[in-house]
Amino acid sequence: MSGQRGLFLQRLIAAAAAFRVTTDDSIDPSPAPEVEHPHCRLFLAESTIPNAGLGIFTGIDLGPGEAVAEPDIIVPFQDAAWHVSPDIDFHFLWEDYSWDPSEVGMEFDMADGHALVIGTGCMPNCNMALINAFEGNPDYDHAGLHRSKDPGVTGFTGWYNQRMITSREIPAGGEIFVNYGEHWFENREEFDFVPFQKNFQRVDKLLRKLKKLSLKISMRADAGPDFTRDLWDLVSLQGHLFSDTKNSNALPLSFEDMQYAQTAGSAESRLPYSVRSIEWLNENARCMDNIRPGNSTIEQAGRGAFASRFIPEGGLVAPGPLLHIPNRTALMMYAEGEDGYRDPDQPVALQLITNYCFGHRESTVILCPYTSPSAYINHNKSPNAKIVWAKEGTPNHNSFWLEEDVDFLKKTGVIGLSIDYVATRDIQPGDEVFIDYGPDWEEAWDSHIQHWSPPDGSENFETAATLQNDLVTPLRTEAEHQSEPYQPNLMFLCHYGYGGPDASPAGSYEWEDEWQMLHVIPCRITEREYNEADKQYYYTVKMLDLSELELEFGVAGSAEDGVYIPPGEQHILTVVPRWAIQIRDKPYTKDEFLPHPFRHEMMVPDDIFPEAWKNLQ
């Protein structure tokens, strides 16, 4: 894995986008207040996009900059290309329901992998005409647990409070859409017909020409009253004459829509089709915000789920659409062999997502709910909730799959199963919700507690997030670092646009605020000066050259490609404000990557686990 870790910074320096920990000032990243909401504010139902499966819908009017739902967690899926065997005989569904780590601020933590945003991050569909939400940046901590004293710190993710934020007004009943990016669709032939923004722009250009022509012809004496409608019918019927189907699929869906689109735009004409009535949602959808996250009352559990409103016995706590994994070995992580490659004979641990999934001792099948806040529900031997299979007729739940064998699941590369978390007794607002994970899980946890010992040197461990969020305490210079060193897990990054010897000759450059849009690469603080006028510290930093990157991070590259600063060249930035210096954990140093972690799936009760899936003796 040493090569993988060197590749981490090599790839970042070459192409990573700049990342800011702080969110927009107009967005409140703090957890939702602990108040009871009598009516559902977020629904899970069949998408308004045909054949798109499930979608999520707001139950209230939302303005721009508002949180769509309760915050999600993010689970790192570590080094997927390394650990997941290329010869697995099924489609690994998490690849379709994950984010690139750079999109949620995890690009500095692992060389390769997926960011699994459990909850609204997994649920929204993409309608390029009506993008109305985006992912914010998460917070990071382990709810007061520390690796020096708490064995539970490796059992859950520290990335939390991940908010999906609205980018425009969304009416009550409106479906939430995020931007998957054109690349996501271009790599999937089955979505060749999906129009992009540029296709709607082309249609808008056509509609302007159509309007001009219609006005010109309508002034003629022989023009009929229905000329414009007839002309539109001709255009819409002959949509296949466009250069590709994306253009024809961007056309307004009716004559009335076309008339509206001539003013508002063809993309905006799709808005009414993305809204369901609240009455329909109350009748046909499942509520997603009956619970909210908070710090658990269970020792070592981290965070938990708490009732947002009264939930009667038998009532829905949360829906649980599932990603099925036919063989749990896809979640296994492996050691590096003598040849420097993955050694399939040396499994070392399971991926962290295992802890958020269900399984059974007699089966290779793993079932992963991908909604939040159900991911926060903890274990208790005296639970107030349980899991059951979703009711017949629930969208994206094919009950006949429960009668099929594991080979059938391997051949089925789409989601199609769902559970419900239901209350086993009345749950009052503010009560923590629990299910029973089963005796196998409890035995594994007890064994972990018994054999756990803190990692070496963990007493003074501090994550980068603590320092990064402290913009007041002055940062130590390289000379001060010699006598009072920072923890070895920390690295400093600065914005710099090295473009080769011609574009970026060696020298000293004064910081410019627009540089915050440039990539970030490792740097060292050489000087610090306090400015009395604005009561702030400013820094002089040295950007690391290729030889320093090779020594500290294992980066293997060439100074001739124009990406890395040649060895020995001095590239200095002066008058750098504190906010422009980023502090990050070095790759694989966060708690999620510690050796000997706790990993065990929750157990599906025997009385509901399908007999056809029991393929282990």
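Described below are features of the structure shown in this document. (Residues numbered from 1 in each chain as written. Predicted model: local features only at pLDDT ≥ 70, side-chain atom pairs only at ≥ 80, totals over all residues. Heavy atoms only, no water.)

Let us look at the overall build of the protein. Counting its secondary structure elements, the protein contains 13 helices and 27 strands. The C-alpha atoms of the protein give a radius of gyration of 27 Å, which matches the 25 Å a tight globule of 617 residues would have. Counting only C-alpha atoms and orienting by the principal axes, one finds that the protein spans roughly 90 × 70 × 50 Å. As displayed, the protein offers around 28,500 Å² of accessible surface, 50% of which is attributable to carbon and sulfur atoms. (Helix = DSSP H or I, 4+ residues; strand = E, 2+ residues; numbered from the N terminus. Rg over C-alpha atoms; globule rule 2.2 N^0.38 Å. Areas by Shrake-Rupley, 256 points an atom, 1.4 Å probe, with all protein chains shown as cover.)

We now examine the packing of aromatic side chains. Counted by the stated rule, this structure contains 24 aromatic pairs. With centroids separated by 5.3 Å and ring planes inclined at 50°, the aromatic side chains of Tyr97 and Tyr370 adopt a geometry described as tilted. One end of the pair, Tyr97, is in the loop between helix H2 (80-83) and strand E4 (113-118); the other, Tyr370, is in the loop between strand E16 (366-369) and strand E17 (378-379), and 273 residues separate them in sequence. In this structure Tyr370 comes out as buried when scored by relative accessible area, which is 2%. Ring plane angle 10° and centroid distance 6.1 Å describe the contact between Trp441 and Trp445, whose orientation is recorded as stacked. (Phe/Tyr/Trp six-rings, centres within 6.5 Å; stacked < 30°, edge-to-face > 60°. Buried < 20%, exposed > 50% of the residue type's maximum accessible area, 1.4 Å probe, protein only.)

Time to look at empty space enclosed by the protein. Over the atoms a probe the size of a water molecule is rolled, and this reveals where empty space is left. Throughout the structure, instances matching the rule amount to 4 cavities of 30 Å³ or more. Within this model, the largest cavity holds a volume of roughly 70 Å³. Lining the largest cavity are Leu130, Asn132, Arg168, Glu169, Ile170, Pro171, Gly174, Glu175, Phe177, Leu271, Ser274 and Val275. In terms of residue class, the lining of the largest cavity is built from 6 nonpolar, 3 polar and 3 charged. (1 Å grid on protein atoms, 1.4 Å probe; cavity = no way out; pocket = protein on both sides within 12 Å on 5 of 7 lines; lining within 4 Å. Points joined across faces, edges and corners; volume = space filled by probe spheres on them. Nonpolar A, V, L, I, M, F, W, Y, C, P; charged D, E, K, R; others polar.)

Time to look at a negative patch on the surface. A cluster of like negative charges, contributed by Glu510, Glu512, Asp513 and Glu514, occupies part of the molecular surface. Residue placement: Glu512 occurs in the loop between strand E22 (507-510) and strand E23 (520-531). (Patch = residues over 30% accessible without salt bridge, like charges linked within 9 Å, V, L, I, M, F, W, Y side chains within 5 Å. Salt bridge = Lys/Arg side-chain N within 4 Å of Asp/Glu carboxyl O. Lys, Arg positive; Asp, Glu negative; His and termini not counted. Charge placed at Lys NZ, Arg CZ, Asp CG, Glu CD.)

Moving on: the sheet that holds E4. Strand pairing in a sheet is mediated by backbone hydrogen bonds. Such pairs are either parallel or antiparallel. As summarised here, the arrangement of the 4 strands in space is E4-E3-E7-E6, forming an open sheet in which the pairing is antiparallel. The outermost strands of the open sheet, each flanked by one partner alone, are E4 and strand E6 (139-140). With 2 bridges joining them, strand E3 (residues 72-78) and strand E7 (residues 159-162) adopt antiparallel strand pairing. Its bridge partner being in E7, Asp72 is matched across the sheet by Gln162. (Pairing = 2+ DSSP bridges.)

For Asn51, which is not glycine, the phi dihedral falls at a positive 65°. Counting through the fold element by element, Asn51 comes out in the loop between strand E1 (42-46) and strand E2 (54-58). Notably, Asn161 is not glycine yet its phi reads approximately 60°, a positive angle. By secondary structure assignment, the location of Asn161 is in strand E7. The exposure class assigned to Asn161 is buried, which follows from its relative accessible area of 2%.

The subject of this paragraph is the pattern of salt bridges. What the rule picks out here adds up to 25 salt bridges. Residues Glu70 and Arg41 are paired through a salt bridge, measuring 3.4 Å at the closest nitrogen-oxygen approach. In this pair, Glu70 sits in the loop between E2 and E3 while Arg41 sits in the loop between helix H1 (2-15) and E1, placing the two residues 29 residues apart along the sequence. Residue Glu70 is classed as buried on the basis of its relative accessible area of 10%. The shortest N-O distance in the salt bridge between Asp150 and Lys149 comes to 2.8 Å. One network of salt bridges, in which partners are shared, links Glu478, Arg524, Lys542, Glu548, Glu552 and Lys586.

Bringing the state of the cysteines into the picture now. Put plainly, two cysteines are in a disulfide when a covalent bond ties their sulfur atoms together. Under the definition given, this model contains 3 disulfides. With a sulfur-sulfur separation of 2.1 Å, Cys357 is cross-linked through a disulfide to Cys368. Its torsion about the S-S bond being 100°, the disulfide of Cys357 and Cys368 is classed as right-handed. Taken together, the residues span a long stretch of sequence, with Cys357 in the loop between strand E14 (342-350) and strand E15 (358-359) and Cys368 in strand E16 at a distance of 11 residues. Note that Cys494 is cross-linked by a disulfide to Cys523, the S-S spacing being 2.1 Å. When the S-S torsion is 60°, as for the bridge of Cys494 with Cys523, the disulfide is right-handed. Residue Cys494 is found in strand E21 (residues 490-495), and its partner Cys523 is found in strand E23; the two are separated by 29 residues along the sequence. (Disulfide = S-S within 2.5 Å.)

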